[in-house]
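These are the residues of each chain, in order.
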There are 2 protein chains.
Amino acid sequence: MDVERILRARGRRITPQRRLILSIIQEHEGHLSADEIYHLAREKRPRLSLSTVYRTLDILRESGLISELHLDRDLLRYEIQRDEEHQHLVCLGCGRVIEFKCAHCTRMHQDLALQYGFKITGSRVELLGYCAECQQKQAE
Amino acid sequence: MDVERILRARGRRITPQRRLILSIIQEHEGHLSADEIYHLAREKRPRLSLSTVYRTLDILRESGLISELHLDRDLLRYEIQRDEEHQHLVCLGCGRVIEFKCAHCTRMHQDLALQYGFKITGSRVELLGYCAECQQKQAE
DNA sequence: TTATATGCAAACAATTTGCATCCTG
DNA sequence: CAGGATGCAAATTGTTTGCATATAA
């Protein structure tokens, strides 16, 4: 499959651990922390070590297969790198994360290329606020 | 001054340490890590402890006087909270950070309020890429 | 004069590294 | 079978906490 080609092209080997970790990130559609991935993976492969998780996440990130999110203050979360760029909307009340696509961001990239000669290779757009429900709860 | 009113309103005291730390963030116009602030502050006040720096940063953040940036993978940076919202453009080559204001982002907030009923209270917009100079160096 | 802040040291949590062993290519 | 990958334990790094002492209000 494609993933294997990408890893091999970088001189990396395909191991059951790497397959497993990637499949977990895929199934859970992202937003998992390293530790969560570790625990989920150990259900299937109890000898897996946390360092392997970290090393694998590094490799997958370098290879552009996953991307890192700073949704929390103190740890990183991971999701599959998709083709279409998207942004995250985080509710500070209940913690839910909504993903959205935003045409404005595309225009922003174009503007910056024009204005500063910057070549944008990645972006973190994380908006924080309160969802409709949490706003209502606060009002009560 | 205003800062003191804000802190007092929250039952916080004004101490030389807090003044110093805030003034350092002001002078350096942000993008400083806790450790950098610590070292700069110790030049003026050698007995200052790192924990005081962290505690002060917490308080200043809670009070809305400074804000946190995730410009790096592994640590937080701080800057004075200004009225006008702005975004950060980070060069992965040389590390320089350009601040910019973006009308598109304002529109994005409006869209999200409309579409999801979300009330946006803060945002992290960090764009990563390569500045003109670093692109040129890479080309060579 | 009393609650809040500080400094110091020790504790923590997330991540990284060293190294012997294992296993993919 | 050789070099990359793993598991384990130990080290590192950024940040937080406990506690006795100092200090702002």
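As shown above, the structure is provided for reference.
On a predicted model such as this, the values are computed, not experimentally measured, just so you know.

We now examine the sheet that holds strand β5 (residues 97-100) of chain B. Taken in spatial order, the six strands make up an open sheet running β5(A)-β4(A)-β6(A)-β6(B)-β4(B)-β5(B), and their pairing is mixed. Here the strands that pair on one side only, and so sit at the sheet edges, are β5 (97-100) of chain A together with β5 of chain B. Each adjacent strand pair in this sheet contributes to an overall mean axis angle of 20 degrees, direction not counted. In the sheet, strand β4 (residues 87-91) of chain B pairs with β5 of chain B via four bridges, with the strands oriented antiparallel. Counted as the bridge partner of H88 of chain B is E99 of chain B from β5 of chain B.

Here we take up the nonpolar core. Of all hydrophobic cores here, the largest spans 27 residues; its most connected members are M108 of chain A together with L89, M108 and L127 of chain B. Looking at this core, the elements that each hand over two or more residues are β4 (87-91), β5, α5 (103-116) and β6 (119-130) of chain A together with β4, β5, α5 (103-116) and β6 (119-130) of chain B. Once residues within four sequence positions are removed from consideration, L89 of chain B is found in contact with L112, Y116, F118 and I120 of chain A together with R96, V97, I98, F100 and L127 of chain B.

Right, let's talk about the sheet that holds strand β2 (residues 66-69) of chain A for a bit. Residue and element names in this part refer to chain A. Strands sit in the order β1-β3-β2 across an open sheet of three strands; the sheet is antiparallel. One side of each edge strand has no neighbouring strand; the edge strands of this open sheet are β1 (32-33) and β2. Across the face of the sheet, helix α2 (residues 16-27) comes into contact with β1, β2 and β3 (77-80) while running at roughly 85 degrees to β3.

Turning next to the protein's contact with DNA strand D. In the vicinity of DNA strand D, 24 residues are found, and the nearest of them are R13, T15, R18 and T52 of chain A together with Y54 of chain B. When the atoms of DNA strand D within 4 Å of the protein are sorted by group, sugar and phosphate make up 67%. At a separation of 2.2 Å, a base nitrogen of DNA strand D approaches a polar side-chain atom of R13 of chain A. Contact between DNA strand D and T15 of chain A: a phosphate oxygen at 2.8 Å from a side-chain N or O atom of the residue. Looking at the surface near DNA strand D, the elements that each hand over two or more residues are α2 and α4 (50-62) of chain A together with α4 (50-62) of chain B. With four residues, the single largest contributor to the surface near DNA strand D is α4 of chain B.

What follows deals with the environment of D83 of chain B. Within the element layout of this structure, D83 of chain B appears in the loop between β3 (77-80) and β4. In sequence terms D83 of chain B and P16 of chain B are 67 residues apart; their C-alpha atoms lie 25 Å from each other.

Once that is clear, we can look at the protein's contact with DNA strand C. Around DNA strand C sit 24 residues, and of these R13 and Y54 of chain A together with T15, Q17 and T52 of chain B come closest. Within the side chain of R55 of chain A, a nitrogen or oxygen atom sits 3.5 Å from a base oxygen of DNA strand C. T52 of chain B has a polar side-chain atom sitting 2.8 Å from a phosphate oxygen of DNA strand C. Those elements that provide at least two residues to the surface near DNA strand C are α4 of chain A together with α2 (16-27) and α4 of chain B. It is α4 of chain A that provides the largest number of residues to the surface near DNA strand C, a total of four residues. Its residues placed into classes, the surface near DNA strand C shows six nonpolar, seven polar and 11 charged.

Right, let's talk about the relation of the copies chain A and chain B for a bit. Screw-axis analysis of chain A against chain B gives a translation of 0.1 Å along the axis, an RMSD of 0.2 Å, and a rotation angle of 179 degrees. As the rotation angle and translation indicate, the two copies are arranged about a two-fold axis. Among all residues of chain A, the one whose C-alpha sits closest to the rotation axis is V125 of chain A, at a distance of 2.3 Å. When the interface residues of chain A are mapped onto chain B, 100% of them are again interface residues, pointing to one common binding face.

What follows deals with the pattern of salt bridges. One pass over the structure, following the stated rule, counts 28 salt bridges over all chains. One salt bridge in this structure joins E79 of chain A and R82 of chain A, with 3.9 Å as the shortest N-O distance. In this structure, the salt-bridge partner of E4 of chain B is R8 of chain B, at a minimum N-O distance of 3.7 Å. Taken together, the residues E4 of chain B and R8 of chain B, both in helix α1 (residues 2-9) and four residues apart, mark about one turn of the helix.

Quick notes on the rules
- Residues numbered from 1 in each chain as written.
- Chains lettered and ligands numbered in written order.
- Predicted model: local features only at pLDDT ≥ 70, side-chain atom pairs only at ≥ 80, totals over all residues.
- Heavy atoms only, no water.
- Pairing = 2+ DSSP bridges.
- Helix = DSSP H or I, 4+ residues; strand = E, 2+ residues; numbered from the N terminus.
- Axes fitted to C-alpha atoms, helices over the stretch in contact; angles between N-to-C directions.
- Core = buried A, V, L, I, M, F, W, Y, C linked by side-chain atoms within 4.5 Å.
- Buried < 20%, exposed > 50% of the residue type's maximum accessible area, 1.4 Å probe, protein only.
- Contact = heavy atoms within 4.5 Å.
- Near = heavy atom within 4 Å.
- Polar contact = N/O pair within 3.5 Å; in protein donor to acceptor, adjacent residues only side chain to side chain.
- Nonpolar A, V, L, I, M, F, W, Y, C, P; charged D, E, K, R; others polar.
- Least-squares fit on C-alpha atoms with pLDDT ≥ 70 in both.
- Salt bridge = Lys/Arg side-chain N within 4 Å of Asp/Glu carboxyl O.

Function-wise, these values are silent; they only describe arrangement.
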